[in-house]
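Structural features, examined
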Amino acid sequence: MADLDRKDSHLALCLAERVEFTSAGASGFRELRFEHDALPEIDKDAVSTEVRLLGKRLAAPLVVGAMTGGTPRAGELNRRLALAAEACGVAFALGSQRKMIGDPSTRGTYAVREAAPRLPLLFGNVGAVQLNYGVGVPELRRLIEAVGCDAFFFHLNPLQEAIQPEGDTRFSGLVSKLRAVVPELGVPVLLKEVGAGISRATALKIRELPVAGVEVSGTGGTSWSKIESLRTTDPVQRSTGELFARWGIPTPESIAICRSVLPDRVVIASGGIRNGIEVAKALALGADAAALALPFLRAADESVEAAVLAIRRVVEELRTTMFVTGCRTIPELAQRTLLRAPDPTADE
Ligand SMILES: Cc1cc2nc3c(=O)[nH]c(=O)nc-3n(C[C@H](O)[C@H](O)[C@H](O)COP(=O)(O)O)c2cc1C
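A short tour of the structure in this document, coming up. Since this is a predicted model, take the numbers as computed values, not measurements. (Residues numbered from 1 in each chain as written. Predicted model: local features only at pLDDT ≥ 70, side-chain atom pairs only at ≥ 80, totals over all residues. Heavy atoms only, no water.)

Observations regarding the packing of helix 13 (residues 294-302) against helix 14 (residues 304-324)
Relative to each other, helix 13 and helix 14 sit at 145°, their axes nearing to 7 Å. Residues Phe-296, Ala-299, Ala-300 and Glu-302 of helix 13 form the contact with helix 14, whose own contacting residues are Ala-306, Ala-307, Ala-310, Ile-311 and Val-314. Grouping the constituent residues of the contact of helix 13 with helix 14 by class yields 8 nonpolar, no polar and 1 charged. (Axes fitted to C-alpha atoms, helices over the stretch in contact; angles between N-to-C directions. Helix = DSSP H or I, 4+ residues; strand = E, 2+ residues; numbered from the N terminus. Contact = heavy atoms within 4.5 Å. Nonpolar A, V, L, I, M, F, W, Y, C, P; charged D, E, K, R; others polar.)

Regarding the site of the ligand
Around the ligand sit 24 residues in total, of which Ala-66, Ser-96, Ser-217, Thr-222 and Arg-274 are the nearest. In this structure, an oxygen atom belonging to the ligand sits 2.9 Å away from a side-chain N or O atom of Arg-274. Note that an oxygen atom of the ligand is positioned 2.9 Å from one of the backbone N or O atoms of Ala-293. Of all the elements in the fold, those that place two or more residues in the shell around the ligand are helix 1 (4-16) and helix 13. Its residues placed into classes, the shell around the ligand shows 10 nonpolar, 9 polar and 5 charged. (Near = heavy atom within 4 Å. Polar contact = N/O pair within 3.5 Å; in protein donor to acceptor, adjacent residues only side chain to side chain.)

Quick look at the pattern of salt bridges
What the rule picks out here adds up to 20 salt bridges. Close ionic contact of Glu-76 with Arg-80 constitutes a salt bridge, the shortest N to O distance being 2.8 Å. Separated by 4 residues within a single helix, Glu-76 and Arg-80 lie in helix 2 (residues 72-88), roughly one turn from each other. By relative accessible area, which is 27% here, Glu-76 ends up partly exposed. The shortest N-O distance in the salt bridge between Arg-113 and Asp-150 comes to 2.5 Å. In this pair, Arg-113 is assigned in helix 4 (residues 112-115) and Asp-150 in the loop between helix 5 (137-147) and strand 6 (151-155), connecting sequence segments 37 residues apart. Note on Arg-113: relative accessible area 22%, which makes it partly exposed. Overlapping salt bridges, with partners in common, bring together Arg-6, Glu-166, Glu-228 and Arg-231 in one network. (Salt bridge = Lys/Arg side-chain N within 4 Å of Asp/Glu carboxyl O. Buried < 20%, exposed > 50% of the residue type's maximum accessible area, 1.4 Å probe, protein only.)

Observations concerning the packing of aromatic side chains
Inspection of the entire model under this criterion finds 3 aromatic pairs. Centroid distance Phe-123 to Phe-153: 4.6 Å. Interplanar angle 25°. Geometry classified as stacked. Note that Phe-123 is positioned in strand 5 (residues 122-127) and Phe-153 in strand 6, a separation of 30 residues in sequence. The exposure class of Phe-123 is buried, given its relative accessible area of 0%. Between Phe-244 and Trp-247, the aromatic rings sit 5.1 Å apart at their centres with planes inclined by 50°, giving tilted as the arrangement. Owing to a relative accessible area of 25%, Phe-244 belongs among the partly exposed residues under this scheme. (Phe/Tyr/Trp six-rings, centres within 6.5 Å; stacked < 30°, edge-to-face > 60°.)

Encoded structure:
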């Protein structure tokens, strides 16, 4: 996900086209509801959204999801997103740094620590499949050092690569390569999907790896199959991409699977999470934090201020959910059970 033209065309499509699942509630959160508590027995001011994630203190369990880097436009979006994440005290994830491997002059487009030195938690990123295309420990260490990230994501995107005209589809042998490479990188490593979710079968393979955690990136939000189908001119690939636009594991299901298979690892929820009530549901299902990508990109395309407001809105919605369910802290929220019932707050 990192060529110059490709990255900018991804950004243009994500900002202008319908690249999300079209039906509201497609992520599955609509079928889950909190029990309202009219006697919560707490003061709203006492509600704290603070958490520790990977040893870092965050003002809320939120990550600005992995998206971009590598071109001047991407660099400006990274700068705005990182400033907003820093202002709100939440984590920030860089998009694929693959471009940096072949072209170190693009480093500045990922160097967000220079603009936002107090960012509490910064993730680096590259596709795991690159381990089959000549990327090894020295290149990965250089990527990590060049941006000073605290943790590193390998993204797993077989569906996207399959639909992408120029896709890297040699996915064999990655488990053993990850097992060898991960302990050599000097920072915690997590694996993430990009919108098709982590299934039980995948989580069981991940359990055998020395990784700190996963980001589920389930179905319901941005669809890379859809985006790649919009980019391709080949009619067969286009219709295949459209068919697979809804392929994968719904986000709530993927969170529950990952929590049960990986009880001691970090689980970050993502994929179609669009407000603070859904963040709260993700935490009640077992996630340690939630990432939103596309909504924050659209806000950052406007301005840093718009991105700050977008993050603040989600945090306030989370805080309000905690107040009306009687939860003073995030660990208390994590203990709440959700009813299997339609939630009228979800968009129709
Ligand atoms: C414009 C854009 C670019 C993305 N690029 C990357 C990437 O380079 N690496 C990655 O791991 N995920 C990438 N993603 C996937 C997101 O991190 C996230 O997993 C996915 O979009 C689901 O979240 P959402 O529904 O909130 O957008 C990208 C998403 C968007 C919208």
